[in-house]
Amino acid sequence: MTSTLAASKGSGITSAWPLMQRPPSDDTADDTVATSSRSVPAIMNYVSPETTDISTRRDLAGSDDAILGAIWNPTRVRVANARLLDGDMGQRMNLDANGFELWSKSNTNSSEDAATFRRMEFCNQDQVVEEYYPTCERLVSDAIASQQSSSSSSPPIAHVCAFDHNVRSSDRDSVGKIKSKSAIDDKDQEVIASPQVQNPAGLVHADYTKTSAPRRLDNLSNPPKLNDVLRPKLAAQNKESLLDPTMVQEALEGKRRYAFINVWRNIDAENSVKNPPLACVDAATASVDDLRTFKIHYVDRVGENYFVCPPSSSSKRQHAWYYYPDMVMEEALLLKQWDSMGGIACGAQSDVVVAKNTDKEGRAGGGGGLSTFTIHSAFIDGSCSAESPPRKSIEVRCVVIWEKES
């Protein structure tokens, strides 16, 4: 059940990015509470249903200007502890059905990867690209393979490639500055703004839309843009693009399935994530009616995200929020950002998953019940002390392309 706080006033005028709010807590603030509690209260920064066109401008360092057109609608919700689902009749969250899942050293075979990110300087962009990106690619491959092993209907993966990332912290000074050779454009020696540590994104959103997902895939088959993190590496390899244009064209024509998946990790080796953690919406509880397009104007392209409205109180379908409290560095949260075979991607109103032990619900669209994406947001966990260590995290974006259907 959700309850809406006072919505921000206005009719699409310029607004600041919303601040995360600490909810009225129904538990004593104690860092041990979140791990054991079945759910915690939260205030999520949705937009009002009256919101229509939303946009901002993003510089080469990844920082955004003010937002035009958003009418904020902070809403009280409950966020369930997804860790407790592992013991509840096999209801563990997974990429296919729910759009997100947790991976840890218990379900990965690579101790070498664990050693890699333990010694990683995550503010060294070149080291992240060279050493950490491959671990993310292996993790995404393993996660998809583990789900495909139970189904023979899907062709194998043809290609997984990490192509971008963000470092975030609720105390950016404690992380330091990003170091990167790509601050200099080797072609014409133009000085490019260095990437910045970003704040946690405390607003309800999804990273791609039905327009921007195929557009981003197509971009990866073309020469890199000014702010593409792989630009120096591709130049050193004498490669014109990250992805093979023929493979991408086949994916855009529907001959291959493709997806974007983020790998989200705590980069604080000493502390688990307390505030603000990341929460995800079960993809089966989202609907096209909830989505509002947010346009991001870069120097040389236009991207799109979805901002999200809370479902009306009369709707049978309410967003089911989940999070994994106290995430440590050895764990990674995989978030599906777009799947071309998902129900919404294939034109359905929602991603519908068949309920266990029932035949009351059919599967959505052409997606066979697959999730298209997970809506997500950082939030203030009121069950944790305000003195908790600041969150430090990295998210790496990976593109996945499958083999052609036989």
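Residues numbered from 1 in each chain as written. Predicted model: local features only at pLDDT ≥ 70, side-chain atom pairs only at ≥ 80, totals over all residues. Heavy atoms only, no water.

Draft legend 1. The arrangement of the overall build of the protein in detail. A tally of regular secondary structure across the protein gives 8 helices and 19 strands. Counting every position in the protein, which comprises 406 residues, the buried fraction comes to 53%. The long-range fraction of contacts in the protein, counting pairs at least 24 apart against all pairs at least 6 apart in sequence, stands at 81%. Carbon and sulfur atoms provide 48% of the accessible area of the protein, an area that totals close to 18100 Å². (Helix = DSSP H or I, 4+ residues; strand = E, 2+ residues; numbered from the N terminus. Buried < 20%, exposed > 50% of the residue type's maximum accessible area, 1.4 Å probe, protein only. Contact = heavy atoms within 4.5 Å. Areas by Shrake-Rupley, 256 points an atom, 1.4 Å probe, with all protein chains shown as cover.)

Draft legend 2. Spatial organisation of the sheet that holds strand 12 (residues 258-266). The sheet built from 5 strands is open, its strands ordered 7-17-12-19-8 with antiparallel pairing. The sheet is open, and its two edges are formed by strand 7 (100-103) and strand 8 (157-169), each paired on a single side. With strand direction ignored, the average angle separating the axes of adjacent strands in the sheet is 25 degrees. Note that strand 12 and strand 19 (residues 392-402) share 9 bridges and pair antiparallel. Across the sheet, residue R265 finds its bridge partner in strand 19, namely I394. The strands touched by helix 6 (residues 212-219) within the sheet are strand 8, strand 12, strand 17 (332-339) and strand 19, with strand 12 carrying the most contacts at an inclination of about 90 degrees. (Pairing = 2+ DSSP bridges. Axes fitted to C-alpha atoms, helices over the stretch in contact; angles between N-to-C directions.)

Draft legend 3. Examining the pattern of salt bridges more closely. Per the stated rule, a full pass over the model turns up 13 salt bridges. With a closest N to O distance of 2.5 Å, K274 and D326 form a salt bridge. In this pair, K274 sits in the loop between strand 12 and strand 13 (278-281) while D326 sits in the loop between strand 16 (321-323) and strand 17, placing the two residues 52 residues apart along the sequence. The class for K274 is buried, based on a relative accessible area of 12%. Shared partners join several salt bridges into a network, and the residues in it are E250, R256, E403 and K404. (Salt bridge = Lys/Arg side-chain N within 4 Å of Asp/Glu carboxyl O.)

Draft legend 4. Main features of the packing of helix 6 against helix 8 (residues 245-252). Contact pair helix 6 / helix 8: the axes reach a minimum separation of 9 Å and the direction vectors enclose 165 degrees. On the basis of their axis angle, the class for helix 6 and helix 8 is roughly antiparallel. Of the two elements, helix 6 crosses helix 8, and the hand of that crossing is left-handed. Here helix 6 contributes P214, L217 and D218 to the contact with helix 8, which in turn contributes V248, A251 and L252. Taken together, the residues that form the contact of helix 6 with helix 8 break down as 5 nonpolar, no polar and 1 charged. (Parallel < 35°, antiparallel > 145°, perpendicular 65-115°, else oblique. Left-handed = near helix turned anticlockwise from the far one by under 90°. Nonpolar A, V, L, I, M, F, W, Y, C, P; charged D, E, K, R; others polar.)

Draft legend 5. Just the environment of R92, in detail. Inspection of the secondary structure assignment puts R92 in the loop between strand 6 (72-81) and helix 2 (95-98). On the basis of relative accessibility, which here comes to 31%, the residue R92 falls in the partly exposed class. Separated by 10 residues in the primary sequence, R92 and A82 have C-alpha atoms spaced 7.6 Å apart. Looking at R92, its side chain comes within polar contact range of the main-chain oxygen of L102, at 2.4 Å. (Polar contact = N/O pair within 3.5 Å; in protein donor to acceptor, adjacent residues only side chain to side chain.)

Draft legend 6. The pairing of strand 6, seen in detail. Burial runs high along strand 6: 7 of the 10 residues are buried. In this structure, strand 3 (residues 39-47) lies alongside strand 6, joined through 9 bridges in antiparallel fashion. Residue pairing across strands places I43 opposite R76, the latter belonging to strand 6. Judged from the 3 bridges that link them, strand 6 and strand 16 form a sheet pairing that is parallel. Within the sheet, the bridge partner assigned to V79 lies in strand 16 and is W321.

Draft legend 7. Here's a closer look at the state of the cysteines. The tally for this structure, following the rule as stated, stands at 0 disulfides. Free cysteine C398: the closest other cysteine sulfur is in C136, separated by 5.5 Å. (Disulfide = S-S within 2.5 Å.)

Draft legend 8. Just the pairing of strand 15 (residues 302-308), in detail. Most of strand 15 is tucked away, with 6 of its 7 residues classed as buried. Alignment of strand 11 (residues 205-206) against strand 15, held across 2 bridges, turns out to be antiparallel. The residue bridging A206 from the neighbouring strand is Y306, located in strand 15. Where strand 14 (residues 291-297) lies against strand 15, 7 bridges are found, and the strand directions are antiparallel. Directly across from F294, in strand 15, lies its bridge partner N305. Between strand 14 and strand 15, which follow one another and run antiparallel, lie 4 residues.

Draft legend 9. Broad picture of helix 8. Within helix 8 the residues assigned to the buried category are M247, V248, E250 and A251. In a view along the axis of helix 8, the buried residues occupy a sector of 160 degrees, so they form one face of it. For helix 8, the secondary structure elements touched by its buried residues are strand 8, helix 6, strand 12 and strand 19. After helix 8 finishes, the residue G254 shows a positive phi value of roughly 85 degrees. (Arc of directions from axis to C-beta.)

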